[in-house]
Amino acid sequence: MAEQQAFHSGFVAIIGRPNVGKSTLLNRVVGQKVAIMSDKAQTTRNRIQGIYTTADTQMVFIDTPGIHKPHSRLGDFMVKSALSTLGEVDAVLFMINADERRGAGDNFIIDRLKTVKQPIYLVINKIDQVHPDHLLEIMDQYKDALPWKEVYPISALEGNNVDELLTTLKSQLPEGPQYYPSDQITDHPERFIISELIREKVLELTRQEVPHSTAVVIDSIKRQDEEKIHVQATIIIERSSQKGIIIGKGGRMLKKIGSLARRDIEHLLGDKVYLELWVKVQENWKDRQDLLASYGYRQDDY
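Computed from a predicted structure; not experimentally measured.

### Considerations on the packing of helix α7 (residues 240–247) against helix α8 (residues 252–269)
- It is at 5 Å that the axes of α7 and α8 come closest, and there the two elements cross at 65°. Across from Ile245, Ile246 and Ile247 in α7, the residues of α8 making contact are Arg252, Met253, Leu254 and Ile257.

Right, dumping it as structure tokens:
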């Protein structure tokens, strides 16, 4: 009788400055959107777990909020959430941008990583945007910063070298159990993913007009009939002036947010969706512990 192949599993943290492409990599690996993507920094607020499973391996990736100097209770939550993952994983991917020089934010993270005993990989993202000579210059800036297990230049958006990175991680993970079913790609409930998909569209469409003062609360998800799911959600903002921006003239902006979000939600749920959106002003919610908890940012999460 043939010997059964050993199963390998483990947890991998993706860490880095805001806007280096951590969420893009996570979505690329699991093959579906589970993390919010935006060209605005600090869009990821919770530790999002994406699950990659093959016949003999399961890797659970944790996409952490970008580490930055916090300016509110919400910012403090994000940084603590990111740093708390480091002692719980089997490997750490430190992501940087190929088109940005090493800066104070990178040095801050490197200092935190000096106490980490797990293997640390330097992942240089966005190589599709730079000349190869510039890539060598970036690698040189980091070569002595930490005892890197390996250095991987990738493009999370285009997929360059991502499979090679996965193969290396897979070969170095310990033997272990399969933590999640083979077809599960995230540990977050559908409510969380849906709220993130709506928030992504708000950030995408309102650009600089509505900064990081937006939260989305899912009020209800009910099956309307055999062919349609009814989703009701509230977009929370901090100032009355932002309400007009999100609703738009004649309600056009809110309608556009809903239309784009609905398309992604239908892809997620595999069903037709009727999406109903409201907008609510809640002043200074980012600094109120009670509101942070009710919007899904709980201290128990870090």
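Continuing now.
### Describing the packing of aromatic side chains
- One pass over the full model with this rule turns up 3 aromatic pairs.
- Centroid distance Phe11 to Tyr179: 5.0 Å. Interplanar angle 55°. Geometry classified as tilted. A residue pair is termed long-range when its members are at least 10 positions apart, and Phe11 in strand β1 (residues 8–16) and Tyr179 in the loop between α5 (162–172) and α6 (190–206) qualify at 168 residues.
- For Phe11, a relative accessible area of 17% corresponds to the buried category.
- On the basis of relative accessible area, Tyr179 is assigned to the partly exposed category, the value being 43%.
- Between the aromatic rings of Phe94 and Tyr142, the centroid separation amounts to 6.3 Å while the plane-to-plane angle is 70°, which identifies the pairing as edge-to-face. Here Phe94 is found in strand β4 (residues 91–97), whereas its partner Tyr142 is found in helix α4 (residues 132–142), with 48 residues between them in sequence.

### Things to note about the packing of α6 against α8
- Remark: α6 packs on α8, axes separated minimally by 9 Å, with the N-to-C direction vectors making an angle of 145°. Between α6 and α8 the crossing geometry is right-handed. For the pair α6 and α8, the contacting residues are Glu190, Ile193, Ile194, Leu197, Ile198, Glu200, Lys201, Val202, Glu204 and Leu205 in the first and Met253, Lys256, Ile257, Leu260, Ala261, Asp264, Ile265, Leu268 and Leu269 in the second.
- Residues belonging to the contact of α6 with α8 are distributed by class as follows: 13 nonpolar, no polar and 6 charged.

### With respect to the environment of Leu25
- Locating Leu25 in the fold gives a position in helix α1 (residues 22–30).
- Considering only alpha carbons, one finds Leu25 and Leu157, 132 residues apart in sequence, at a separation of 7.3 Å.
- Setting aside residues no more than four positions away along its own chain, Leu25 makes contact with Ile14, Leu93, Met95, Ile154, Ala156 and Val162.

### Some remarks on the pattern of salt bridges
- Tallied over the full model, the rule gives 11 salt bridges.
- For Asp106, the salt bridge is made with Arg17, and the minimal N-O distance between the two is 3.3 Å. Placement of the pair is Asp106 in helix α3 (residues 104–113) and Arg17 in the loop between β1 and α1, with a sequence separation of 89 residues. There is no split in this pair, since Asp106 and Arg17 are both buried.
- Of the charged contacts in the structure, one is a salt bridge between Glu196 and Arg199, with a shortest N-O distance of 3.0 Å. Remark: Arg199 and Glu196 occur in helix α6; sequence separation between them is 3 residues, near one turn of the helix. Assigned by exposure class, Glu196 and Arg199 land together as buried.
- Members of the salt-bridge network, linked through shared partners, are Glu200, Lys201, Glu204 and Asp264.

Definitions and limits used
- Residues numbered from 1 in each chain as written.
- Predicted model: local features only at pLDDT ≥ 70, side-chain atom pairs only at ≥ 80, totals over all residues.
- Heavy atoms only, no water.
- Axes fitted to C-alpha atoms, helices over the stretch in contact; angles between N-to-C directions.
- Helix = DSSP H or I, 4+ residues; strand = E, 2+ residues; numbered from the N terminus.
- Contact = heavy atoms within 4.5 Å.
- Phe/Tyr/Trp six-rings, centres within 6.5 Å; stacked < 30°, edge-to-face > 60°.
- Buried < 20%, exposed > 50% of the residue type's maximum accessible area, 1.4 Å probe, protein only.
- Left-handed = near helix turned anticlockwise from the far one by under 90°.
- Nonpolar A, V, L, I, M, F, W, Y, C, P; charged D, E, K, R; others polar.
- Salt bridge = Lys/Arg side-chain N within 4 Å of Asp/Glu carboxyl O.

Limitation: the analysis is restricted to geometry and does not speak to function.
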